[in-house]
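Notes for the structure review
Each chain, letter by letter, is given below.
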Amino acid sequence: MIIIMTPGASDVSIAAVTQRLETMGLKAHLSRGIHQTVIGAIGDERRINETGLEALPEVDRIVRVMRPYKFVSREGRDHGSVVEVCGIPVGGQQIQVIAGPCSVETPAQMEEVATAVVAAGCRMMRGGAFKPRTSPYAFQGVGVEGLVMMKEAAKRHGLPIVTELLDVRMLDTFLEYGVDVIQIGTRNMQNFELLKEVGRTHTPVVLKRGFSATISEWLMAAEYIAAAGNHNIIFCERGVRSFEDAYRNMLDVTAVPVLKRETHLPVIIDPSHAGGKAWMVPALARAAIAAGADGLLVEMHPRPVEAWSDADQALSPTELNALMVELRGIATVLGRTL
Ligand code: PEP
Ligand code: MN
């Protein structure tokens, strides 16, 4: 961190900054110019209370050199990390497509879903048992029974499951029912208590981007999970809110290369909640893989028109198959597999 003093700062003010840094366990390196004095703080700057420093007399501004996130940062790492989900690598050379319905509905539906997921060549299944709906009168999900329906179908087909946790009070139930990946939805990205609790488990977490969160807020949210001990984090971009109303959210494809540079953790894309219409999903999915995403989270329903939620954006099993064929081609060009 660099502390820039206002022009002509007095020796007393400079000494006050130096002393404050030393009480924080850092060394101060003084550089006096003709007009301005700059103080370099040497040591782990994450321990610095920035606001306290900036309030000292004749401090103009401070500039951070290190990233404020420690565990999720790519700093000091040569290559990306792989998050293992029941032996399936996320973040390596192989791209993972996680497919399934918005909502878990019935045991028969989940059996059809699992069959279609495997037939398309996907290795993980999604489905929401607890749904964060905008309206309290909309279908809220089938609840705990949904976890059973999903897990049973998944077991028959050898698929790990990804499902959203809305409430910290359900965490033990999720672990008891063998949820393989906990999804933190866009509306909970900054529910810090929830993040700290999932951080106490070792279950992989898909952390969706808040629909109006900056990339640095998203990285800090992931840091909450990692700082509590769980480093099995997968970032999922799902579109952000914008001025445009021709689609549900604006897919921020730029977030992929930016995150890949900032963090060592895997990054996936949810093209379904971005576009909001099934016909947009293939184009967004292709863009995501081409941009370097490690995978996708895609909504698929055996009969989209009958889906209990997000019917408009669900792919049919046939459409998922066709998409997987296209994506395999893109993966090959990039030297990856699908
Ligand atoms: C979902 O994946 O079903 C979901 C609700 O997504 P998001 O949190 O991105 O809206
Ligand atoms: Mn949905």
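All figures in this text were calculated on a predicted structure; none of them were measured in a lab.

Remarks on the coordination of the manganese ion (ligand 2)
- Looking at the metal site, the manganese ion (ligand 2) is ligated by Cys 102 (SG), His 273 (NE2), Glu 299 (OE) and Asp 310 (OD), spaced 2.0 to 2.4 Å from it.
- Taken in sequence order, the residues that donate to the manganese ion (ligand 2) follow the motif C-x170-H-x25-E-x10-D. One end of the pair, Cys 102, is in the loop between strand S7 (96–100) and helix H3 (107–120); the other, Asp 310, is in the loop between strand S14 (295–299) and helix H11 (317–333), and 208 residues separate them in sequence. Here the two residues Cys 102 and Asp 310 agree in accessibility, since each one is buried.

As for the site of ligand 1
- Residues in close proximity to ligand 1 include Arg 126, Lys 131, Pro 132, Glu 164, Gln 183, Gly 185, Thr 186, Arg 187, Lys 208, Arg 238, His 273 and Glu 299, which together make up its full environment.
- A distance of 2.9 Å is found between an oxygen atom of ligand 1 and a side-chain nitrogen or oxygen belonging to Gln 183.
- Computed on the free molecule, ligand 1 has an accessible area of 290 Å², of which 97% lies beneath the protein chains in the complex.
- Put simply, ligand 1 lies in the largest pocket.
- Among the residues forming the shell around ligand 1, the class breakdown is 1 nonpolar, 4 polar and 7 charged.

With respect to the sheet that holds strand S2 (residues 27–32)
- With antiparallel pairing, 4 strands are arranged side by side in an open sheet as S2-S3-S1-S4. Each edge of the open sheet carries a strand with a single partner, namely S2 and strand S4 (59–63). Sheet twist, expressed as the average angle between the axes of neighbouring strands with direction ignored, equals 20°.
- Bridge count for strand S1 (residues 2–5) against strand S3 (residues 37–42) is 3 bridges, and the pairing is antiparallel. Looking across to S3, one finds that Ile 3 is bridged to Ile 39.

Quick word on the packing of helix H7 (residues 215–227) against helix H8 (residues 255–262)
- Running from N to C, H7 and H8 cross one another at 45°; their axes reach a closest spacing of 11 Å. On the basis of their axis angle, the class for H7 and H8 is oblique. As for how H7 packs across H8, the hand of that crossing is right-handed. Facing Ile 215, Trp 218 and Leu 219 of H7, the residues of H8 in contact are Ala 255, Val 258, Leu 259 and Glu 262.
- The class makeup of the residues in the contact of H7 with H8 is 6 nonpolar, no polar and 1 charged.

Analysis parameters
Residues numbered from 1 in each chain as written. Chains lettered and ligands numbered in written order. Predicted model: local features only at pLDDT ≥ 70, side-chain atom pairs only at ≥ 80, totals over all residues. Heavy atoms only, no water. Donors = N, O, S within 2.8 Å, 3.2 Å for Na, K, Ca; no water. Helix = DSSP H or I, 4+ residues; strand = E, 2+ residues; numbered from the N terminus. Buried < 20%, exposed > 50% of the residue type's maximum accessible area, 1.4 Å probe, protein only. Near = heavy atom within 4 Å. Polar contact = N/O pair within 3.5 Å; in protein donor to acceptor, adjacent residues only side chain to side chain. Areas by Shrake-Rupley, 256 points an atom, 1.4 Å probe, with all protein chains shown as cover. 1 Å grid on protein atoms, 1.4 Å probe; cavity = no way out; pocket = protein on both sides within 12 Å on 5 of 7 lines; lining within 4 Å. Sits in = over half its atoms within 2 Å of the grid points. Nonpolar A, V, L, I, M, F, W, Y, C, P; charged D, E, K, R; others polar. Pairing = 2+ DSSP bridges. Axes fitted to C-alpha atoms, helices over the stretch in contact; angles between N-to-C directions. Parallel < 35°, antiparallel > 145°, perpendicular 65-115°, else oblique. Left-handed = near helix turned anticlockwise from the far one by under 90°. Contact = heavy atoms within 4.5 Å.

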